[in-house]
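So you can see what is in the structure, the chains are spelled out below.
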Amino acid sequence: MPEFEQTLGAGALISIAVGAVALLLLLIIQFRVHAFVALILVSLLTAIIAGIPAANILTTLTSAFGSTLGGVALLVGLGAMLGRMLEISGGAQALADALVARFGEKRAPMALGIASLFFGFPIFFDAGLVVMLPVVFTVGRRLGGGLLLYGIPVATAFSVMHVFVPPHPGPVAAAELLGADAGLLILVGLVVAIPTWIVAGQLFGAWIGKLIVLPIPDGFSADAAADKDLNPPSPGLVVSLLLLPLILIFINTGLDFARVQGWVSKEAGWFQLARTLGATPIALLISVLVAGYVLGPMRGRSAVKVERILDSALGPVCSIILITGAGGMFGGVLRASGIGKALSDGLSDIGLPVLVAGFLVATALRVAQGSATVALITAAGLIQPAVQAAGYQGLQLSAIVIALASGSVMLSHVNDSGFWLVGRFFNMDVKTTFKTWSVMQTLVGLIGFALSGLIFWAG
């Protein structure tokens, strides 16, 4: 692809970004254009107006779309298959019954959220959410009260673990760039993630769940009830099947952490094989194969019926995958046009304290291009010279990473693939997704930033 040098000023680029978001919302909300079509159209128009050369436009659109699908399609597809097997086998119902019996009906949202915090330590946000959804739907159908009452605590739990706590890629990369100790960052990240989840997930989820009562979806397939197993697996077996991908992924991320610390050599053959088996798509593939056998032939189902069950999981998530990819396309155009860089450069020149400047730069990058991980890593690179010059160490370095992570989840909107993923899985329209998911993400960012300030001051 030919080199592209942006000649428009920061003001013009920011105006283009604002106009693009406004047009997208107008098309989807007012004119009822399908989100997939609207995202492609606005991405194309934004690329043209921002001055991306005509020879680069198609490559920019397709590469951003493809890279997003590469990270999402396998996870959502395989996760939906695993969830479908648990749903049809009655495993989700068995686990839901066990959770309710253990914590009580009133504490069911908290129980789901706590389970998601544990699962969210090694597993990425989107994969964890997909695997937990059948349990969320089942508990919600049994107890009533609407989807958000149970879904928001779960989504928030996976979000705070993904953005604040190593071994997830964003905080790990930021720690490497800024020289923060990864072990200390894990402790600091947990100290921030847990109270943030209590407020943004548990308390906000309880409030918004009563304010906006969404119906519980039937599951990944409309005929789920007709296929349910009358002899469901034990809750222990269900937990084991849920933990299998998490253990494999945890091995993968743990080995990467060990590599960063210099404990193992990345050239070792066993290391490379173990990391491959623990990569999220491979871990989910292995889990689907194990679940297909354990919940299939071992329980009297024929291979033909297992194949039909797995196939039935894919149709309902195709729209989610495509819309998420188109959201990534829009974010990719905003990155390629230089809008994110224009925002971050303007903020970094103001002369604010490093902690505040880092938070604002990460927020600007998040708003401009959508990806929390990209915003966190890019912001860390931009403030790296200032951090090194100031000589920060220990807790203060960890606090700066947390501040950057907090900015990277602020103000989630239509260029964030997570916005569409959660919105479509929860069957919400754009307005409702703004009122729920976007508000929750902003709460996570504000609370995380406030706590990072306290930690920085204490350090």
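Quick note: structure is the one above.
Residues numbered from 1 in each chain as written. Predicted model: local features only at pLDDT ≥ 70, side-chain atom pairs only at ≥ 80, totals over all residues. Heavy atoms only, no water.

(A) Here's a closer look at the overall build of the protein. Summing up its helical and strand segments, the protein has 20 helices and zero strands in all. The buried share of the protein, reckoned over its 459 residues, is 55%. Partitioning the contacts of the protein with sequence separation of at least 6, the portion at a separation of at least 24 is 82%. With an accessible surface of roughly 18,300 Å², the protein has 68% of that area assigned to carbon and sulfur atoms. (Helix = DSSP H or I, 4+ residues; strand = E, 2+ residues; numbered from the N terminus. Buried < 20%, exposed > 50% of the residue type's maximum accessible area, 1.4 Å probe, protein only. Contact = heavy atoms within 4.5 Å. Areas by Shrake-Rupley, 256 points an atom, 1.4 Å probe, with all protein chains shown as cover.)

(B) Molecular detail of the packing of aromatic side chains. Overall, the coordinates contain six aromatic pairs when judged by the stated rule. Between Phe 204 and Trp 207, the ring centres sit 6.1 Å apart and the planes meet at 40 degrees, which makes this aromatic pair tilted. Taken together, the residues span about one helical turn, with Phe 204 and Trp 207 both in helix H9 (residues 182-211) at a distance of three residues. The exposure class of Phe 204 is buried, given its relative accessible area of 8%. Measuring from ring centre to ring centre gives 5.3 Å for Phe 419 and Trp 420, while their planes differ by 80 degrees; the resulting arrangement is edge-to-face. As far as the burial class goes, Phe 419 and Trp 420 line up, both buried. Taken together through their ring pairs, the aromatic side chains of Phe 419, Trp 420 and Phe 434 make up a single cluster. (Phe/Tyr/Trp six-rings, centres within 6.5 Å; stacked < 30°, edge-to-face > 60°.)

(C) Region of the structure containing the nonpolar core. One finds Leu 112, Phe 164, Phe 330, Ile 400 and Trp 420 to be the most contacted residues of the largest nonpolar core, which totals 133 residues. Aside from chain neighbours lying at most four places away, what touches Phe 330 is Ala 20, Val 21, Leu 24, Leu 39, Val 42, Ser 43, Thr 46, Val 414 and Asn 415. (Core = buried A, V, L, I, M, F, W, Y, C linked by side-chain atoms within 4.5 Å.)

(D) Here's a closer look at the pattern of salt bridges. Summed over all chains, the structure comprises one salt bridge. Here Asp 416 and Arg 366 are joined by a salt bridge, their closest N and O atoms 3.2 Å apart. Placement of Asp 416 in the loop between helix H18 (394-407) and helix H19 (417-425) and of Arg 366 in helix H16 (residues 354-369) is noted, with a sequence separation of 50 residues between them. Residues Asp 416 and Arg 366 agree in their burial class; the two are buried. (Salt bridge = Lys/Arg side-chain N within 4 Å of Asp/Glu carboxyl O.)

(E) Highlighting the side chain of Ser 398. Of note, Ser 398 is situated in helix H18. On the accessibility criterion, Ser 398 (0% relative accessible area) is buried. In contact with Ser 398, other than residues within four places in its own chain, are Ala 180, Asp 181, Leu 184, Leu 185 and Val 188.

(F) Representation of unusual backbone geometry. Not every positive phi belongs to a glycine, and Leu 411 is a case in point at roughly 55 degrees. Looking at the secondary structure, you find Leu 411 in the loop between H18 and H19. At Asn 427, a residue that is not glycine, the phi angle is positive and equals roughly 60 degrees. Examined against the element boundaries, Asn 427 turns out to sit in the loop between H19 and helix H20 (430-458).

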